[in-house]
Amino acid sequence: MEAEPNSTSEVIHLTVSGMDCANCAKTIERGVATLQGVDSVHVSYPTERLEASGSATADAIADKVRQLGFGIAQSRDEQRSLMASSGSDSFMHYLWSEWQTRSALIAATVILAVSLGNLLMLSGASELLQIALIAAVLLVGVPIAIKGVRALLFARQITIDLLMALAATGALFIGAYGEAAAVMLLFALGEALEGFSAARSRDAIGSLIRLQPESATVVEQHDGHTHYRELAITELTNGQQIIVRAGERIPADGRVVEGESEVDEAAITGESTPVTRVVNGQVFAGTINGGGTLIIEVTSRPEDFAIARIARLVEQAQASRSPAERY
């Protein structure tokens, strides 16, 4: 959890786990908004990031998120792990990695096997098919129903999860076991497709973030002697000088004040040919220094580095919806 105070209120940033659709983000927003002391709240489903402002504490907001059935990443390592999600894996691997979709796959396999037996007119296959359909509805539908009820109780919102659960329950009551199972399985598959797409987006953003080193070597002058010390990127300030040796990634946006080297800027500009940077040349965080050693004066705050701005633009693009999508 991170909290950044400002002059009027506290801005709290949390990483939320367990969201499988954009509606989950809306449910969390509505639920957290009911807390006393919350002035505004925004949840980005593609990046799993929650931002809330007001006087409410991070613990109170985290408890509310857990009430709604979602999780909170407690450490920076866990947050980075969520950002570097399994988006690069195959869709089938993603399906198997999530317990809810794994249950849906198992249920679908059982239904297909029993249905095949029914087509072959095997003894008792019809009764087994009915049992398999009911079991599939319960296996896949109960977690969906629980999530829908949580949203109703704690966010005062009727979500598609609750509506699908009611539809499946109604189908069971009228004996339409096949329709009930189809509703649940197709809904779980649709949620999985959306989750897989978001995981790929998070992986792309995480790849950008991982390009930037976590620390920098700061150059300081004391009593006529040069001293070097490691400093976290978040602690860098404008005007500080850092040293970047051959082959290292440049940790901050800045201006070259000493040295000359070729810099590979493909990660930022897409240009595959390294460019020569001399004194007064501009360099960017996340790019790779070539064969020379550079002394660089930091010219931007970490949140304003080019690579951070690109990540924010990608995040905003993934979180935004066109009018047709909203409809």
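Residues numbered from 1 in each chain as written. Predicted model: local features only at pLDDT ≥ 70, side-chain atom pairs only at ≥ 80, totals over all residues. Heavy atoms only, no water.

S.K.: What should I look at first to understand helix H2 (residues 58-67) in this one?
M.R.: Each full turn of the α-helix corresponds to 3.6 residues, which orients residues three or four apart in the same direction. Those residues of H2 that sit buried are Ala58, Ile61, Ala62, Lys64 and Val65. Projected down its long axis, H2 carries its buried residues within an arc of 160°, all on one side. Just downstream of H2, glycine 69 is the residue with a positive phi angle, here 100°. (Buried < 20%, exposed > 50% of the residue type's maximum accessible area, 1.4 Å probe, protein only. Helix = DSSP H or I, 4+ residues; strand = E, 2+ residues; numbered from the N terminus. Arc of directions from axis to C-beta.)

S.K.: It is not clear to me how the sheet that holds strand S7 (residues 225-232) should be interpreted in this structure. Could you clarify?
M.R.: The strands making up a sheet associate through backbone hydrogen bonding, with each pair oriented either parallel or antiparallel. One open sheet accounts for six strands, arranged S7-S6-S8-S14-S9-S12; its pairing is antiparallel. Edge strands, defined here as strands with exactly one partner in the open sheet, are S7 and strand S12 (282-283). As judged from the four bridges shared by strand S9 (residues 254-258) and strand S14 (residues 294-298), these two strands associate in the antiparallel manner. Looking across to S14, one finds that glutamate 258 is bridged to isoleucine 295. (Pairing = 2+ DSSP bridges.)

S.K.: Help me out: how do you make sense of the packing of helix H7 (residues 160-173) against helix H8 (residues 177-210) in this one?
M.R.: Two numbers describe a pair of packed helices, the interaxial angle and the distance between the axes. One way to put it is that H7 packs onto H8 with a least axis distance of 7 Å and a crossing angle of 160°. The orientation of H7 relative to H8 falls into the category roughly antiparallel. Note that H7 runs across H8; the crossing there is left-handed. Between H7 and H8, the contacting residues are Ile160, Asp161, Met164, Ala165, Ala168, Ala171 and Leu172 on the first element and Tyr177, Ala180, Val183, Met184, Phe187 and Glu191 on the second. Looking at the contact of H7 with H8 residue by residue, the classes come out as eleven nonpolar, no polar and two charged. (Axes fitted to C-alpha atoms, helices over the stretch in contact; angles between N-to-C directions. Parallel < 35°, antiparallel > 145°, perpendicular 65-115°, else oblique. Left-handed = near helix turned anticlockwise from the far one by under 90°. Contact = heavy atoms within 4.5 Å. Nonpolar A, V, L, I, M, F, W, Y, C, P; charged D, E, K, R; others polar.)

S.K.: What's the story with the pairing of strand S6 (residues 215-222) in this structure? I'm lost.
M.R.: Looking along a regular strand, one sees the side chains alternate between the two faces of the sheet. Across eight bridges, S6 lies against S7 in antiparallel orientation. Looking at S7, one finds that glutamine 221 is bridged to threonine 226. Between the antiparallel neighbours S6 and S7 lie two residues, among them aspartate 223 with a positive phi of about 55°. Here three bridges tie S6 to strand S8 (residues 241-244), and the two strands are oriented antiparallel to one another. Within S8, the position partnered with threonine 217 by the bridge is isoleucine 243.

Any link to function would need more than the numbers given here.
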